[in-house]
Amino acid sequence: MKQLKQTILFSSIGIFTLAGVAFAHSLDGTYAGKSETEITGLLQTQGYEVREIEVEDEYLEAYALKDGIRYEIYVDPKTGNIIKVEEDD
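Please read these numbers as outputs of a predicted model, since none were measured by experiment.

A look at the sheet that holds strand β3 (residues 69–75)
Taking strand neighbours across the sheet as the criterion, the 4 strands line up as β1-β2-β3-β4 in an open arrangement whose pairing is antiparallel. Sheet topology places β1 (49–56) and β4 (82–87) at the edges, where each strand pairs with a single neighbour. Averaged over all pairs of adjacent strands, the angle between their axes in this sheet comes to 20°, without regard to strand direction. Strand direction decides the pairing type here: β1 and strand β2 (residues 59–66), joined by 7 bridges, are antiparallel. Paired with I53 across the two strands is A62, which belongs to β2.

Points about the pattern of salt bridges
Taken as a whole and assessed by the stated rule, the structure comprises 2 salt bridges. One salt bridge in this structure joins E49 and R51, with 2.9 Å as the shortest N-O distance. When its relative accessible area of 43% is taken as the criterion, E49 is described as partly exposed. Notably, a salt bridge pairs K84 with E86, separated by 3.3 Å at the nearest N-O pair.

Some remarks on the confidence of the model for the protein chain
When the pLDDT values of the protein chain are averaged, the result is 81; 72% of them are 70 or greater. Predicted confidence for residues 9–23 stays below pLDDT 50, and this span has 5 contacts to residues more than four positions away or in other chains.

Things to note about the packing of aromatic side chains
The final tally for this structure, using the stated rule, is 1 aromatic pair. Centroid distance Y48 to Y71: 5.6 Å. Interplanar angle 75°. Geometry classified as edge-to-face. One end of the pair, Y48, is in the loop between α2 (36–45) and β1; the other, Y71, is in strand β3, with 23 residues separating them in the sequence. Taking the relative accessible area as the measure of exposure, Y71 reaches 5% and is therefore buried. Note that K66 overlies the ring of Y48, its terminal NZ or CZ placed 4.9 Å from the centroid.

Conventions we followed
- Per chain, residues are indexed from 1 in the order of the written sequence.
- Two thresholds apply to this predicted model, a pLDDT of at least 70 for residue-level local features and 80 or more for giving and counting side-chain atom pairs, whereas whole-chain, interface and lining totals are computed over all residues.
- For side-chain calculations, the full set of non-hydrogen atoms in the structure is used, while hydrogens and water are omitted.
- By the convention used here, strands pair only if DSSP detects at least 2 bridges between them.
- In this description a helix means any DSSP run of H or I spanning at least four residues, a strand means any run of E spanning at least two, and both kinds are numbered starting from the N terminus.
- Only the stretch in contact is used when fitting a helix axis, every axis being a line fitted to C-alpha atoms; angles between N-to-C directions are given from 0 to 180 degrees.
- Salt bridges are identified by distance alone: a Lys or Arg side-chain nitrogen within 4 Å of an Asp or Glu carboxyl oxygen.
- Partly exposed describes any residue whose relative accessible area lies between the buried limit of under 20% and the exposed limit of over 50%, with all areas from a 1.4 Å probe on protein chains only and scaled to the type maximum.
- pLDDT: the predictor's confidence for each residue, scored from 0 to 100.
- Contact definition: two residues touch when any of their heavy atoms are within 4.5 Å.
- Note on ring pairs: Phe, Tyr and Trp rings are taken, using the six-membered ring of Trp, and paired if centres are within 6.5 Å. Classes follow the plane angle, with under 30 degrees stacked, over 60 edge-to-face and the rest tilted.
- Counting as a charge over the ring demands two things of the Lys NZ or Arg CZ atom: a distance within 6 Å of the ring centre and an angle within 35 degrees of the ring normal.

This is the structure in structure tokens:
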């Protein structure tokens, strides 16, 4: 019985972790804007708390927090599209 409970617990943790990663990556390709103000506005409507936006390797990189998880969100300043979302370590 204890083994079954542990299996269910670990499976649940894995499912919720994957769901969070899938949600974050669902922003890929989304138009976020070409300015810090536009990007901040879009991310805030998605429930993110934007901490900082800076230019890095020709992309706008937003550092944001959602549900206790830190994210790095990369935006192409030419198109305004989100090109990558990563969990920040």
